[in-house]
Amino acid sequence: MQLCGIGMLFGWQDSWAANGQVVTGIVFVTAAQMLCGIAKDLTKLGGKTVTKLVTPDEKESRLFKVVSFITGFKNSMKGIGYFIGAAALTFNYYFALGILLLLVLAAMPWAAVGLSNQLGRARKENITLRALFRQAYNVNVLSMARFFLFGSRDMWFEVPLPFFLRDAVHGLGWQRVAVGAVLAGFIILYGQVQSWTPQLVLQPLRQSPANKYVELLWNGLLCFAPAYMAVMLLGTPIFVNRQLPAMAGVLLSGLLLYCVLFAVNSSVHSYLIVKYADGNKVAMNVGFYYMANALGRLTGTL
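Calculation notes
Residues numbered from 1 in each chain as written. Predicted model: local features only at pLDDT ≥ 70, side-chain atom pairs only at ≥ 80, totals over all residues. Heavy atoms only, no water. Helix = DSSP H or I, 4+ residues; strand = E, 2+ residues; numbered from the N terminus. Rg over C-alpha atoms; globule rule 2.2 N^0.38 Å. Buried < 20%, exposed > 50% of the residue type's maximum accessible area, 1.4 Å probe, protein only. Areas by Shrake-Rupley, 256 points an atom, 1.4 Å probe, with all protein chains shown as cover. Lys, Arg positive; Asp, Glu negative; His and termini not counted. Charge placed at Lys NZ, Arg CZ, Asp CG, Glu CD. Phe/Tyr/Trp six-rings, centres within 6.5 Å; stacked < 30°, edge-to-face > 60°. Disulfide = S-S within 2.5 Å. Salt bridge = Lys/Arg side-chain N within 4 Å of Asp/Glu carboxyl O. Contact = heavy atoms within 4.5 Å. Axes fitted to C-alpha atoms, helices over the stretch in contact; angles between N-to-C directions. Parallel < 35°, antiparallel > 145°, perpendicular 65-115°, else oblique. Left-handed = near helix turned anticlockwise from the far one by under 90°. pLDDT = per-residue confidence, 0-100.

1. Things to note about the overall build of the chain
In step 1: The helix and strand inventory of the chain stands at 13 helices and 0 strands.
In step 2: Each helix and strand of the chain, ordered N terminal to C terminal, gives the series α-α-α-α-α-α-α-α-α-α-α-α-α.
In step 3: Against the compact-globule benchmark of 19 Å for 302 residues, the chain has a radius of gyration of 21 Å, which places it among compact chains.
In step 4: Reported as C-alpha extents along the three principal axes, the dimensions of the chain are approximately 60 × 45 × 35 Å.
In step 5: Looking at the chain as a whole, 35% of its 302 residues are labelled buried.
In step 6: Of the roughly 17100 Å² that the chain leaves accessible, carbon and sulfur atoms contribute 69%.
In step 7: Here the chain contributes 24 positively and 11 negatively charged side chains, and the mean placements of these two sets differ by 3 Å.

2. Observations regarding the packing of aromatic side chains
In step 1: What the rule picks out here adds up to 18 aromatic pairs.
In step 2: Between Phe-64 and Tyr-271 the ring centres are 4.7 Å apart and the planes differ by 40°, which places this aromatic pair in the tilted class. With Phe-64 in helix α4 (residues 60-91) and Tyr-271 in helix α12 (residues 244-276), this pair connects stretches of sequence that are 207 residues apart. For the pair Phe-64 and Tyr-271, one class covers both residues: buried.
In step 3: Linked through ring pairs, Phe-150, Trp-156, Phe-157, Phe-186, Tyr-190, Tyr-258 and Phe-262 together constitute an aromatic cluster.

3. Quick look at the state of the cysteines
A covalent bond between the sulfur atoms of two cysteines is referred to as a disulfide.
In step 1: A complete count under the given rule lists 0 disulfides for this structure.
In step 2: Cysteine Cys-259 remains unbridged, with the sulfur of Cys-223 as its closest cysteine sulfur at 17 Å.

4. Section: the pattern of salt bridges
Side-chain pairs of opposite charge can arise whenever the charged atoms involved come near each other.
In step 1: Evaluated as defined, the whole model comprises 4 salt bridges.
In step 2: Of the charged contacts, one joins Asp-154 and Arg-297 as a salt bridge, the two residues approaching to 2.5 Å between their closest N and O atoms. Pair noted here: Asp-154 is in helix α7 (residues 137-154) and Arg-297 is in helix α13 (residues 282-301), with a separation of 143 residues, a long-range link.
In step 3: Overall, the relative accessible area of 1% leaves Asp-154 in the buried class.
In step 4: A salt bridge links Arg-297 to Glu-158, with the shortest nitrogen-to-oxygen separation between them at 3.0 Å. With a gap of 139 residues between them, Arg-297 in helix α13 and Glu-158 in the loop between α7 and α8 (160-166) connect regions that are remote in the sequence.
In step 5: A cluster of three or more residues bridged by salt bridges with shared partners is formed by Arg-153, Asp-154, Glu-158 and Arg-297.

5. A closer look at the side chain of Arg-153
In step 1: Examined against the element boundaries, Arg-153 turns out to sit in helix α7.
In step 2: For Arg-153, the residues in contact, after removing those within four places along its chain, are Glu-158, Tyr-258, Phe-262 and Arg-297.

6. Digging into unusual backbone geometry
In step 1: The linkage connecting Ser-208 with the following residue, Pro-209, adopts the cis geometry, with an omega of -5°.
In step 2: Mapped onto the secondary structure, Pro-209 falls in the loop between α9 (176-202) and α10 (212-222).
In step 3: Despite not being glycine, Arg-206 shows a phi value in the positive range, around 60°.
In step 4: As for its position among the elements, Arg-206 is in the loop between α9 and α10.
In step 5: By relative accessible area, Arg-206 is classed as exposed at 80%.
In step 6: Backbone geometry places Arg-242, a non-glycine residue, at a positive phi of 50°.

7. So, the packing of helix α3 (residues 22-54) against α4
In step 1: Two elements in contact, α3 and α4, have axes separated by 10 Å at closest approach and are oriented at 160°. The angle between α3 and α4 places the two elements in the roughly antiparallel class. At the point where α3 passes α4, the crossing takes the right-handed sense. Across the interface between the two elements, Lys-44, Lys-48, Thr-51 and Lys-52 of α3 pack against Leu-63, Val-66, Val-67, Ile-70, Thr-71 and Lys-74 of α4.

8. Section: the confidence of the model for the chain
In step 1: The predicted model of the chain has a mean per-residue pLDDT of 85, with 93% of residues at 70 or higher.
In step 2: Confidence scores differ between elements of the chain, with helix α6 (residues 129-132) showing the lowest mean pLDDT of 67 and helix α11 (residues 224-235) the highest of 94.

9. Regarding the environment of Val-179
In step 1: For Val-179, the location among the structural elements is in helix α9.
In step 2: Setting aside its immediate chain neighbours within four residues, Val-179 contacts Pro-162, Leu-165, Arg-166 and Trp-174.

Structural data, given as structure tokens:
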């Protein structure tokens with residue numbers, strides 16, 4: 001499915017934008033993105049499910065560390081992908097797609113050979129739509145929290161931030177490679193903080209393994225990062241007078257603070273959903289949770 005989505009992008013036509021067929025281009029790219037997104041989330045769902053199945057229930061600290069490590073390194077690799085993609089696009093669009101295809105193909109033999117076919121449990125009855133939405137209370141609450149957590153992030157990070165960094169009139173006017181490097185650095189750092197949250201952040205604070213109160217605390221702390229950027233944006237003349245070095249300093253320092261705090265929040269979230277998931281329904285519970293995640297990101301972006 002991932003290969004099909006990437007392969008579709010080879011059919012992009014520049015004439016769609018030139019001839020006013022913008023809707024055609026948007027629908028085409030959205031369809032390709034849909035295939036890639038489904039493939040990505042199925043892979044992510046499988047990774048979270050496996051950690052739950054292979055970790056004993058009484059080993060909560062170990063589960064926290066494993067989930068954080070896997071999730072964090074996955075995000076760090078995504079950050080490296082941002083950097084590779086930005087660099088490859090400066091050379092050639094089709095070259096960038098070819099690199100992406102090769103990376104996906106290189107990962108497939110590892111999955112085919114390295115994973116056991118005994119993982120997971122087959123259900124005798126089919127899952128109905130009603131059963132899908134009838135989740136445990138903790139799963140519902142955490143899914144709602146995830147909706148708002150990622151919706152509030154992508155409201156400004158996913159689309160407005162790259163445009164602001166690139167825009168020479170109202171933003172910073174950076175080149176594509178510089179923007180890609182900043183976003184890549186953000187995601188790599190985010191992933192590494194996420195990976196080591198149990199050992200380097202929460203354990204010294206005696207908050208490991210995490211619980212709902214730990215999540216509430218760090219969720220409150222997360223509010224300070226956008227509040228700081230909002231105060232600097234609205235309460236100082238830096239952005240009105242377009243003081244570019246100061247604008248970059250405010251934005252990068254705010255991003256750094258947000259990156260660290262958001263990574264801790266995401267690490268705790270990822271652990272709690274695996275902890276709350278029923279062993280017999282872990283894939284359905286985690287899948288429902290990431291459905292809320294996707295809906296939050298869509299809502300925030302729109």
